[in-house]
Amino acid sequence: MSDALICGIAGAGAGIIAQLITYPLDTVNTRQRTDRNSKKMKKTLGTIEQMCQVVKQEGWDRLYGGLAPSLVGTAASQGVYYYFYQILRNRAETDALVRKKNGIGDGSVGMLSSLLVAALSGCVNVLLTNPIWVVVTRMQTHSRKDKDNHTKLVASQDEISVVVEPPPYGTSHTIQEVYGEDGISGFWNGVFPTLFMVSNPSIQFMLYETLLKKIRKRRASSNKGANDVTALEIFLLGAVAKLGATVVTYPLLVIKSRLQAKQDIGADKRHQYKGTLDALMKIIHYEGFHGFYKGMGTKIVQSVLAAAILFMVKEELVKCARWLLTGRSAANSIR
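Residues numbered from 1 in each chain as written. Predicted model: local features only at pLDDT ≥ 70, side-chain atom pairs only at ≥ 80, totals over all residues. Heavy atoms only, no water.

### Describing the overall build of the chain
Here is step 1 of the chain: Within the chain, the secondary structure is distributed over 11 helices and two strands.
Here is step 2 of the chain: The 335 residues of the chain split such that 47% are buried.
Here is step 3 of the chain: Of the contacts formed within the chain by residues at least 6 apart in sequence, a portion of 80% connects residues at least 24 apart.
Here is step 4 of the chain: For the chain, the exposed area adds up to about 16900 Å²; of that, 64% sits on carbon and sulfur atoms. (Helix = DSSP H or I, 4+ residues; strand = E, 2+ residues; numbered from the N terminus. Buried < 20%, exposed > 50% of the residue type's maximum accessible area, 1.4 Å probe, protein only. Contact = heavy atoms within 4.5 Å. Areas by Shrake-Rupley, 256 points an atom, 1.4 Å probe, with all protein chains shown as cover.)

Pasting the structure below:
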């Protein structure tokens, strides 16, 4: 089994575990990002308050709305990303060694190369998995309430601004809805800001690899072993890297979510977006720059926690897979 395939499978498994743990936070954050009302028009609820509100009005299961396609999307995204990331990373490391032989550099992959590798991997991932995330966003922002209470609940100032439709609203229904509205192209709504958002994992992995490299170099110089990095340290490195990336790219995430959510919200044209530029201008005009940072606190908690868990679990899975393969190879050679 190739190293790229091991990393791809480990990344998918780690992504699923992280998603299961943090999904309720992700659901609430998606609703916060797709809230089109200005700050002055309604009272802003905290993350815990909104989670309690969803549970009280819609039930516990709505915190996990869209979980099934989200797990598929997470596995696909992490698998695709880590697979191509490892392939491109191996190529970059080979090129770095060749340059070292030619008297250029120290044989290590620089920050710019790490950024480029992460960006290319992210672009491939976005183009292949965007349809899944369109479906997930629709299901997360769907609110299951009694049809008779629709007007009353939406008019309430304390209500989360979401799309309200009568059940059922499963994966197949969502796919039919997206296709009915925009055809095949509807599954790539929000793809342009999402492509720009590859800078998020790019920044994340650049920070992660740089910090990890420094720790290993320090351990190597102190005779503790270059690979003597604990799971807790990996957890903290992943958290720090994701925190920096999220703060920089959050406005792009808001625009992406607005485009992927259902656009038919009453007759108010302020709440309907024709494209990335239209969404950008309407958010600035009607909500101000505050609109680009709705729910960022929730996202920081969710994404940092998810990334930290993902990095920690992924590294442990890779170690286990390599140990199993090495052990089997040794056993076979003895026989």
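Now that the structure has been shown, we can carry on.
### A word on the layout of surface pockets
Here is step 1 of the chain: Taken as a whole, the largest pocket spans an internal volume of roughly 890 Å³.
Here is step 2 of the chain: Considering the residues around the largest pocket, the lining is formed by 33 residues, among which Arg89, Glu93, Glu209, Leu212 and Arg216 are closest to the centre.
Here is step 3 of the chain: Breaking the lining of the largest pocket down by element, the ones donating at least two residues are helix H1 (3-33), helix H3 (67-101), helix H4 (111-141), helix H8 (199-221) and helix H11 (296-334).
Here is step 4 of the chain: Here the element with the most residues in the lining of the largest pocket is H8; it accounts for nine residues.
Here is step 5 of the chain: Residues belonging to the lining of the largest pocket are distributed by class as follows: 15 nonpolar, seven polar and 11 charged. (1 Å grid on protein atoms, 1.4 Å probe; cavity = no way out; pocket = protein on both sides within 12 Å on 5 of 7 lines; lining within 4 Å. Points joined across faces, edges and corners; volume = space filled by probe spheres on them. Nonpolar A, V, L, I, M, F, W, Y, C, P; charged D, E, K, R; others polar.)

### With respect to the environment of Glu287
Here is step 1 of the chain: Its location among the elements puts Glu287 in helix H10 (residues 276-287).
Here is step 2 of the chain: Counting along the chain gives 251 residues from Glu287 to Arg36, while the straight-line C-alpha distance between them is 7.8 Å.
Here is step 3 of the chain: Within the local environment of Glu287, its side chain forms a polar contact with the side chain of Arg258, the two groups lying 3.0 Å apart. (Polar contact = N/O pair within 3.5 Å; in protein donor to acceptor, adjacent residues only side chain to side chain.)

### Looking at a positive patch on the surface
Here is step 1 of the chain: Together, Lys213, Lys214, Lys217 and Arg218 line one region of the surface with positive charge.
Here is step 2 of the chain: Within the secondary structure, Lys213 sits in helix H8. (Patch = residues over 30% accessible without salt bridge, like charges linked within 9 Å, V, L, I, M, F, W, Y side chains within 5 Å. Salt bridge = Lys/Arg side-chain N within 4 Å of Asp/Glu carboxyl O. Lys, Arg positive; Asp, Glu negative; His and termini not counted. Charge placed at Lys NZ, Arg CZ, Asp CG, Glu CD.)

### What about the confidence of the model for the chain?
Here is step 1 of the chain: Predicted confidence across the chain gives a mean pLDDT of 79, with 84% of residues reaching 70 or more.
Here is step 2 of the chain: For the stretch residues 146-161, pLDDT sits under 50, and the model shows 26 contacts to residues farther than four places along the chain or on other chains.
Here is step 3 of the chain: Every residue in residues 163-167 scores below 50 in pLDDT, and together they form 14 contacts with partners more than four places removed in sequence or on other chains. (pLDDT = per-residue confidence, 0-100.)

### Remarks on empty space enclosed by the protein
Where empty space is left can be seen by rolling a probe of water-molecule size over the atoms.
Here is step 1 of the chain: Counted under the stated rule, the structure contains three cavities of 30 Å³ or more.
Here is step 2 of the chain: In this structure, the largest cavity spans a volume of roughly 1000 Å³.
Here is step 3 of the chain: Contributing to the lining of the largest cavity are 42 residues, with Ser77, Gln78, Trp133, Lys242 and Lys299 lying nearest its centre.
Here is step 4 of the chain: Looking at the lining of the largest cavity, the elements that each hand over two or more residues are H1, H3, H4, H8, helix H9 (231-260) and H11.
Here is step 5 of the chain: Residues belonging to the lining of the largest cavity are distributed by class as follows: 16 nonpolar, 21 polar and five charged.

### Some points on the side chain of Thr249
Here is step 1 of the chain: For Thr249, the location among the structural elements is in helix H9.
Here is step 2 of the chain: At a separation of 2.9 Å, a polar atom in the side chain of Thr249 contacts the main-chain carbonyl oxygen of Ala245.
Here is step 3 of the chain: Excluding residues within four positions of it along the chain, Thr249 makes contact with Met197, Ser199 and Asn200.

### Observations regarding the packing of aromatic side chains
Here is step 1 of the chain: Taken as a whole and judged by the stated rule, the model has seven aromatic pairs.
Here is step 2 of the chain: Taking 6.4 Å as the distance between ring centres and 20° as the angle between the ring planes, the aromatic pair formed by Tyr250 and Tyr293 counts as stacked. One end of the pair, Tyr250, is in helix H9; the other, Tyr293, is in the loop between H10 and H11, and 43 residues separate them in sequence.
Here is step 3 of the chain: By relative accessible area, which is 39% here, Tyr293 ends up partly exposed. (Phe/Tyr/Trp six-rings, centres within 6.5 Å; stacked < 30°, edge-to-face > 60°.)

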